[in-house]
Each structure stands twice: as C-alpha cells, then as structure tokens.
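Structural features, examined
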Amino acid sequence: MDPYTIFAEIIAGRAPASKVYEDDDVLAFMDIRPLTPGHLLVVPKMAARSLAELDPAIGGKLFQVGQRLAAALRASEVGCDGVNFFLADGVTAGQEVFHVHLHVIPRTAGDGFGLRARPTHPRRADLDYLATSIRGALNR
Ligand code: 5GP
C-alpha cells in the first residue's frame, strides 16, 4: 500500500491541520476547502484507502465520532440547523484523498449545498431483483 496521503502527513504531525478531536484510533479536523463553514473530516489513524480496507470496528468509531461532532457543531458558534454525513469511496464516487474519511457537513437553510441526482421510481420487480442480487453478494 502507498502510505503517503496528505491525511497521513496530518496524522503524523508533518502537515498542519486545525484539529477538533483526537483519540488512539481517530482524528477529526477542519476541511481546508469547506463546503459550508465548520465542515469537518473524521479519519482513521490506521491507513485504509477504501472501505474495503477499513477495519469495521474503526468504521464504527468514525460514525460515533461523527455523531459527537454533529452535536458539537449544532451547539457551537457554527450554529447549524442540520448536518450531512458524506463518504466518497472510489474515484467515481468523488474520492480525491485515498485515506478513508467521513465528511461532517453543517447545514443551514439556503447554504447552497446539496446532492444532484435524478430520482426514479423503479418497478417493485426491479427493486426486488437488485435486492436479491445484493443479498446474495452479502453472504458470499
Ligand atoms: P474527498 O473528495 O476525497 O471525499 O474529499 C477530500 C477532502 O479533503 C476535500 O473536501 C478537501 O477539501 C480536503 N482536503 C484536501 N487536502 C487537504 C488538506 O491538506 N488539509 C485539509 N484539512 N483538508 C484537505
């Protein structure tokens, strides 16, 4: 595995970051290009390029820390009304830094942030077909 990413440098203390939370497994800091004011990143200290490489227990910790940060964002001077979690896994999903990270994005009315999508309403048979396929993959 190529261990070099900017997040590995931040974790090692070789690159600067505005840290918000740290424990043995996880570090959280301000995103350098915030989508909204207060945008945070939660990263595992152990390198993992993708969800497939991430220890599920550490993934659980990312979510737990994200929950605490969401509450802190609401209580802080960021003063948001809502929070989005976002995680890009893979280039096609928009991942740019290949060290798993959970975005914690504060939301206020009219902040301009949002997902672009083309919602469809597939037939139940199509939903069932894919559900069966995914269920099968889960048990492989
Ligand atoms: P991705 O697109 O991989 O999900 O998100 C990468 C995020 O890392 C982006 O939101 C980007 O602004 C942030 N980022 C990239 N380089 C740095 C850096 O050097 N410091 C910090 N704090 N954030 C960074």
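Every value quoted in this text rests on a predicted model; they were computed, and no experiment measured them.

Side note on the overall build of the chain
- Tallying secondary structure elements over the chain gives three helices and five strands in all.
- Ordered by position from N to C terminus, the α and β elements of the chain give α-β-β-β-α-β-β-α.
- Dimensions along the principal axes, computed over C-alpha positions, put the chain at roughly 50 × 40 × 25 Å.
- Counting over 140 residues, the chain shows a buried share of 31%.
- A fraction of 53% describes how many contacts in the chain between residues 6 or more apart in sequence connect residues 24 or more apart.
- Here the chain has roughly 9400 Å² of accessible surface; of this, 56% comes from carbon and sulfur atoms.
- Taking the average place of the 15 positive charges on the side chains of the chain and the average place of its 16 negative ones, the gap between the two points comes to 6 Å.

Examining helix H2 (residues 56–75)
- Over its 20 residues, H2 runs 29 Å from end to end, which matches the ideal 28 Å to within 8%, given 1.5 Å per residue.
- Those residues of H2 not exposed but buried are Ile58, Leu62, Val65, Gly66, Leu69, Ala70 and Leu73. The buried residues of H2 occupy an angular sector of 155 degrees when the element is viewed end-on, so they sit on one face. More than 90 degrees from the buried face of H2, the exposed residues found are Pro56, Ala57, Gln64, Arg68 and Ala75.
- Lining the buried residues of H2 we find strand S1 (19–22), strand S2 (26–30), strand S3 (40–44), strand S4 (82–86) and strand S5 (102–107).
- At the N-terminal boundary of H2, the capping side chain belongs to Asp55, with an oxygen 2.9 Å from the backbone nitrogen of Ala57.

Side note on the packing of aromatic side chains
- Considering all chains together, one arrives at two aromatic pairs under this definition.
- Ring centres 5.2 Å apart and planes at 80 degrees place the aromatic pair Phe63 and Phe85 in the edge-to-face group. In this pair, Phe63 sits in helix H2 while Phe85 sits in strand S4, placing the two residues 22 residues apart along the sequence.
- Phe63 sits in the partly exposed class, given a relative accessible area of 45%.

Points about the nonpolar core
- Within the largest apolar cluster, 15 residues are counted, with the highest numbers of intra-cluster contacts made by Val42, Leu54, Leu62, Leu69 and Val104.
- The set of elements that each furnish at least two residues to this core consists of S2, S3, H2 and S5.
- The element best represented in this core is H2, accounting for five residues.
- Those residues within four positions of Val42 in sequence are excluded, and the remaining contacts are Val26, Leu27, Ala28, Leu62, Val65, Leu69, Val100, His101, Leu102 and Val104.
- In terms of nonpolar packing, the next biggest core, distinct from the first, is built from eight residues, Ala15, Leu27, Leu41 and Val97 among them.

Digging into the UniProt feature "active site" (unreviewed entry) in the chain
- The sites that UniProt annotates as "active site" (unreviewed entry) are His101.
- Within the secondary structure, His101 is located in the loop between S4 and S5.
- Judged by relative accessible area, His101 falls into the buried class, the value being 5%.
- Those residues in contact with His101 that sit more than four places away from it in its chain are Phe7, Leu41, Val42, Val43, Phe86 and Leu87.
- A polar contact of 2.7 Å, which involves the side chain of His101, links it to the backbone oxygen of His99.

Each value, and the rule that gives it
- Residues numbered from 1 in each chain as written.
- Predicted model: local features only at pLDDT ≥ 70, side-chain atom pairs only at ≥ 80, totals over all residues.
- Heavy atoms only, no water.
- Helix = DSSP H or I, 4+ residues; strand = E, 2+ residues; numbered from the N terminus.
- Buried < 20%, exposed > 50% of the residue type's maximum accessible area, 1.4 Å probe, protein only.
- Contact = heavy atoms within 4.5 Å.
- Areas by Shrake-Rupley, 256 points an atom, 1.4 Å probe, with all protein chains shown as cover.
- Lys, Arg positive; Asp, Glu negative; His and termini not counted.
- Charge placed at Lys NZ, Arg CZ, Asp CG, Glu CD.
- Expected span 1.5 Å × (residues − 1).
- Arc of directions from axis to C-beta.
- Polar contact = N/O pair within 3.5 Å; in protein donor to acceptor, adjacent residues only side chain to side chain.
- Phe/Tyr/Trp six-rings, centres within 6.5 Å; stacked < 30°, edge-to-face > 60°.
- Core = buried A, V, L, I, M, F, W, Y, C linked by side-chain atoms within 4.5 Å.
- UniProt positions renumbered as here; feature names shortened; annotations may be inferred.

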